[in-house]
Amino acid sequence: MSEQVQPKVLEVEHLTMHFPVKSTGLLRRVIGHVQAVDDVSFSVKRGDALGLVGESGCGKSTTGRMVSRLLKPTSGEIRFEGTDIANFGHKQLQPLRRDIQMIFQDPYGSLNPRQTVGAIVATPMEIHKTIPEKQIKARVQELLEFVGLNPEHYNRYPHEFSGGQRQRIGIARSLALQPKVLVADEPVSALDVSIQAQVINLLQDVQKEFDIAFLFIAHDLAVVRHFCPEVAVMYLGKIVEMGDRDSLYGAPLHPYTQALISAAPDVRQAAVGGRRERIRLEGDVPSPINPPSGCRFRTRCSLAKDICAKVEPPLLQVGPKHKVACHFAGELGNAPSKPITTGLLGVDDSGNAVAGATATRDLVTPDYKDTWVDLKSMR
Amino acid sequence: MSQSGPETTAAIESSADEVVPEAIRGRSPRELALIRFRRDKGSMISLGVVLLFLFVAVISPVLTKLKVFKPYTTNFPLLDIENGAIPKGNWGGISWAHPLGLTPGTGTDVLSRLMLGMTYSITIALLSAVLTVALGTALGIIAGTSGGWIDAIIGRIIDMTLSFPQTLMLLSLSSTLTVTLEQMGVPKGNFARGTYLILVLAVFGWPSFARIVRGQVLSLREREFVEAAHVFGASRWRIYFKEMLPNLWAPILVYFTLTMPAYVSAEAALSFLGVGVKTPTPTLGNTLSDSVNYYGSDLVYFFVPAVVLAAVVVSFNLLGDGLRDALDPKADR
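Peer 1: Report on the overall build of chain A, specifying residues and quantitative values.
Peer 2: Within chain A one finds 13 helices and 12 strands. Over its C-alpha trace chain A gives a radius of gyration of 22 Å, about what one expects of a compact globule, namely 21 Å for 379 residues. Taking all 379 residues of chain A together, 54% fall into the buried category. When contacts within chain A are restricted to residue pairs at least 6 apart in sequence, those whose partners lie at least 24 apart make up 64%. A total of about 17,300 Å² of accessible surface is found on chain A, and carbon and sulfur atoms cover 49% of it. Averaging the positions of the 45 positive and the 42 negative side-chain charges in chain A gives two centres separated by 4 Å.

This is the structure:
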């Protein structure tokens, strides 16, 4: 589906968002930071889709908001067609707003209840003056028809539509400026399952028609698998595993991904009968204000050893299109007994620095390289 | 969304419309509120009464100019001078010429005084309510949207104003500040006193409304449609006035209709304390405060202004309640 020839529209490198936590009272000193997103890198090609999955509070929405520049990242780069927009101000962003659009989660909250559907969909075109005022109405109707709504409904108000229809209105609005990147922040989570399928199919039509790169944020693994050729799994502000659909769902290497996938209901399994082994994660997600040292997942990980508390595992490329951040990356039940990362990081098996050894630099890049670490040869 | 009666009907009607595509037209939240309002008998009656009072307030000065009314003309022959200048005859001197009787002491016509008094009282209440709502909306939006230290400063000003003993200040400063106003070029006498009243009511009235608006803005600000507007690159101006303000009309309207009667009675209370428009210019307040002196000797004169004032306050209050129910059907009664 996605050939190598397609250029990368969006590249995100070392993206970090730390929200300051202030003390109460008059002085309001900064007493800590919520490390919502920490050193996240990925890239999306034109017409492609990257899925971001993870549980609530893992930073996936924050990442989406930074890409659409609702938030200004603490550090890192967001390159849109090669230009770093991470530090752009309001004025500089204005022309780019056309190209990066967003679909919101809540179809009830994302449309202004006091405006007609026509006015809502026309808003972006009025702001950017992309087409003459006289043609706006025709264009709005065209867009409404494209998303499967009656174009005669432009005079209606959002409250007269169902959740699925409202989400279609939101999609029509985001398409009004013909963006190149669409950040879809849980676009179907608030909808019924039957409606989810329709909206997902619509999004696929949209993608084909306009060649849009999607950053698809969701917590539903099945939806992401259906929509995104490439998936990244986030945990506590970091990408722990990332890869193409087949390798990530077929052979997850990170214990967290394995737990996530085992927790998702599987129709095929139900048809066969019997129960699948579920991996139960113990405890809660640690606070992002004070995340665990080393690997952030170690407090809940069954494989965790000394090294995990001392050294943070890099997001290592382990396949043609597969990256994982774990010292003991391996297929379920087949994890290596020795950390695979020691040679690259210049540490011994318990995580202490080896004299004279240096860590390999630039282990983390937004895209995939032609060479990778072969897990089988490491053991 | 609530599925209350009118909306369901709207849905049914509009789905019937779908047969004829040309006829499709949505109903705005405002239209739906209007439909709900029209259904409520109490609201419609109070609207009728309020409109009647407003009509009276508008025509009274005209009628006075045309000499149909003579609110300032004294009728000493109709008073029982020996007996404390109480109007002659039963029921406070009610007659065809003077349907609500005469004012003891001066013999002026009570009906015409009350009608003209309504003009002054409602003007004062209306202007103070407009000022209150305008100030409250503006400062509430500014505080809510900017946050940070601006919000903190406005918040502290609100706290200070609300904790200020305003009646005391009104009383103690009324003479000096009225003089100041006169020096600033406001026409002397009752005009300056009325202006002072309007200003004071507004200055002490806006904080509570600013708080309401700020709260609304804080919740609106986090709604996704405002974020969507940011993503489209909408300007601040556009977000304030096109996205937020339309969602604030309901509280503004309701607060306005509920503030009006409060200010009408505030004017009366302050007249009683000697602040505000003075006789011979009639207001509901100074007529009432004058009537209190005759509770023993002239019961009709004692009751009539009180009943009229109560009617004005109650009808405006019921109108405000009805509006609130119509605009926010989810709120419990």
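After that view, the rundown keeps rolling.
Peer 1: Tell me about the side chain of D151 of chain B, and name the residues and values.
Peer 2: Residue and element names in this part refer to chain B. Position of D151 among the secondary structure elements: in helix α5 (residues 148–163). Take D151: its relative accessible area is 13%, and that puts it in the buried class. If near-sequence neighbours (up to four positions away) are discounted, D151 is found in contact with A143 and R214.

Peer 1: So, the nonpolar core: which residues are in play, and what are the values?
Peer 2: If you look at the biggest cluster of nonpolar residues, it comprises 66 residues, and the most contacted ones within it are I171, F214 and F216 of chain A. Other than its neighbours up to four places away in sequence, I171 of chain A contacts I103, V147, V199, L202, L203 and V206 of chain A. Counting 57 residues, the second-largest nonpolar core is a separate cluster that includes A36, M234 and I239 of chain A together with I239 of chain B.

Peer 1: How would you explain the sheet that holds strand β8 (residues 213–217) of chain A if you had to name every residue and give the values?
Peer 2: Residues and elements named next belong to chain A. Taken in spatial order, the 8 strands of this open sheet run β6-β7-β8-β3-β9-β10-β12-β11, and their pairing is mixed. The open sheet has two free edges, formed respectively by β6 (100–103) and β11 (316–319), since each of these has just one partner strand. On average, each strand axis in the sheet is inclined to that of its neighbour by 20°, with strand direction left out of account. As defined by bridge partners, β11 adjoins strand β12 (residues 322–324) across 3 bridges and the pair is classed as antiparallel. The residue bridging Q317 from the neighbouring strand is K323, located in β12. Strands in contact with helix α1 (residues 60–67) are β3 (49–53), β6, β7 (181–185), β8 and β9 (230–235); relative to β8, the strand with the most contacts, it is inclined by about 150°.

Peer 1: Which residues make up the interface of chain A and chain B, and what values do they have?
Peer 2: Counting residues at the interface gives 33 residues for chain A and 27 residues for chain B. For the chain A face of the interface with chain B, the top three residues by lost area are R114, R156 and H159 of chain A, together amounting to 22%. Counting every contact that joins chain A to chain B gives 2 salt bridges. Two residues, R65 of chain A and E227 of chain B, come together in a salt bridge whose shortest N-O distance is 2.7 Å.

Peer 1: A description of the packing of helix α3 (residues 41–65) of chain B against helix α4 (residues 110–146) of chain B should follow, citing residues and the corresponding values.
Peer 2: Residues and elements named next belong to chain B. Contact geometry for α3 and α4: axes closest at 8 Å, N-to-C directions at 115°. Our pair here, α3 against α4, has a crossing hand that is left-handed. The residues of α4 that touch α3, namely those facing F53, L54, V56, A57, S60, P61 and T64, are M115, L116, M118, T119 and I122. Across the contact of α3 with α4, the residue classes break down as 9 nonpolar, 3 polar and no charged.

Peer 1: Quick rundown of a nonpolar patch on the surface? Include the residues and the values.
Peer 2: Together, I142, W149, I150, I153 and I157 of chain B give the surface a local cluster of nonpolar side chains, amounting to about 490 Å² of exposed area. Of the residues forming the nonpolar patch, the biggest block, 4 residues, is contributed by α5 of chain B.

Peer 1: Summarise the sheet that holds strand β5 (residues 83–84) of chain A; cite the residues concerned and give the values.
Peer 2: Residue and element names in this part refer to chain A. Taking strand neighbours across the sheet as the criterion, the 4 strands line up as β2-β1-β4-β5 in an open arrangement whose pairing is antiparallel. Looking at the sheet topology across the chains shown, the edges are occupied by β2 (30–45) and β5. Direction of pairing for strand β1 (residues 8–22) relative to strand β4 (residues 75–80): antiparallel, over a ladder of 5 bridges. If you follow V12 over to β4, its bridge partner there is I78. Its contacts with the sheet put α1 on β1, β2 and β4, and the angle it makes with β1 is roughly 115°.

Peer 1: Summarise the packing of aromatic side chains; cite the residues concerned and give the values.
Peer 2: All names here are of chain A. Following the criterion strictly, the structure yields 10 aromatic pairs over all chains and no others. On the numbers, 5.0 Å between centres and 85° between planes, the contact of Y235 with F297 is edge-to-face. On the criterion of sequence distance, the pair formed by Y235 in strand β9 and F297 in the loop between α10 (267–272) and α11 (306–310) is long-range, its members being 62 residues apart. Where Y256 meets F297, the ring centres are 5.2 Å apart and the plane angle is 65°; that geometry is what we call edge-to-face.

Peer 1: Can you lay out the pattern of salt bridges for me, pointing to particular residues and giving the numbers?
Peer 2: Residue and element names in this part refer to chain A. Scanning the model with the defined rule gives 19 salt bridges over all chains in all. E13 is paired through a salt bridge with R79; the nearest N and O atoms lie 2.9 Å apart. On the criterion of sequence distance, the pair formed by E13 in strand β1 and R79 in strand β4 is long-range, its members being 66 residues apart. Residue D185 pairs with R65 through a salt bridge whose shortest N-O separation is 3.9 Å. Of this pair, D185 sits in strand β7 while R65 sits in helix α1; the two residues are 120 residues apart in sequence, bridging distant segments of the chain. R65 carries the same exposure label as D185, and that label is buried.

Peer 1: Which residues make up helix α11 (residues 284–291) of chain B, and what are the values?
Peer 2: Residue and element names in this part refer to chain B. α11 sits mainly inside the fold: 7 of its 8 residues count as buried. Within α11, burial applies to L284, G285, N286, T287, L288, S289 and S291. Contacts made by the buried residues of α11 are with α4, α10 (249–272) and α12 (299–327).

Peer 1: Outline unusual backbone geometry, supporting the account with residue identities and numerical values.
Peer 2: Residue and element names in this part refer to chain A. We note that H14 has phi near 50°; this positive angle belongs to a residue other than glycine. Mapped onto the fold, H14 is located in strand β1. Backbone geometry at D39 places phi at a positive 55°, although glycine is not the residue there. Tracing the sequence through the fold places D39 in strand β2.

Peer 1: Help me get a handle on the environment of N201 of chain A, residues and values and all.
Peer 2: Residues and elements named next belong to chain A. Considering the arrangement of structural elements, one finds N201 in helix α6 (residues 193–210). The exposure class of N201 is partly exposed, given its relative accessible area of 38%. Each C-alpha atom, one on N201 and one on R300, is 36 Å from the other, the two residues being 99 residues apart in sequence.

Reading the values: the criteria
Residues numbered from 1 in each chain as written. Chains lettered and ligands numbered in written order. Predicted model: local features only at pLDDT ≥ 70, side-chain atom pairs only at ≥ 80, totals over all residues. Heavy atoms only, no water. Helix = DSSP H or I, 4+ residues; strand = E, 2+ residues; numbered from the N terminus. Rg over C-alpha atoms; globule rule 2.2 N^0.38 Å. Buried < 20%, exposed > 50% of the residue type's maximum accessible area, 1.4 Å probe, protein only. Contact = heavy atoms within 4.5 Å. Areas by Shrake-Rupley, 256 points an atom, 1.4 Å probe, with all protein chains shown as cover. Lys, Arg positive; Asp, Glu negative; His and termini not counted. Charge placed at Lys NZ, Arg CZ, Asp CG, Glu CD. Core = buried A, V, L, I, M, F, W, Y, C linked by side-chain atoms within 4.5 Å. Pairing = 2+ DSSP bridges. Axes fitted to C-alpha atoms, helices over the stretch in contact; angles between N-to-C directions. Buried area = accessible area lost by both parts, 1.4 Å probe. Salt bridge = Lys/Arg side-chain N within 4 Å of Asp/Glu carboxyl O. Left-handed = near helix turned anticlockwise from the far one by under 90°. Nonpolar A, V, L, I, M, F, W, Y, C, P; charged D, E, K, R; others polar. Patch = residues over 30% accessible without salt bridge, like charges linked within 9 Å, V, L, I, M, F, W, Y side chains within 5 Å. Phe/Tyr/Trp six-rings, centres within 6.5 Å; stacked < 30°, edge-to-face > 60°.

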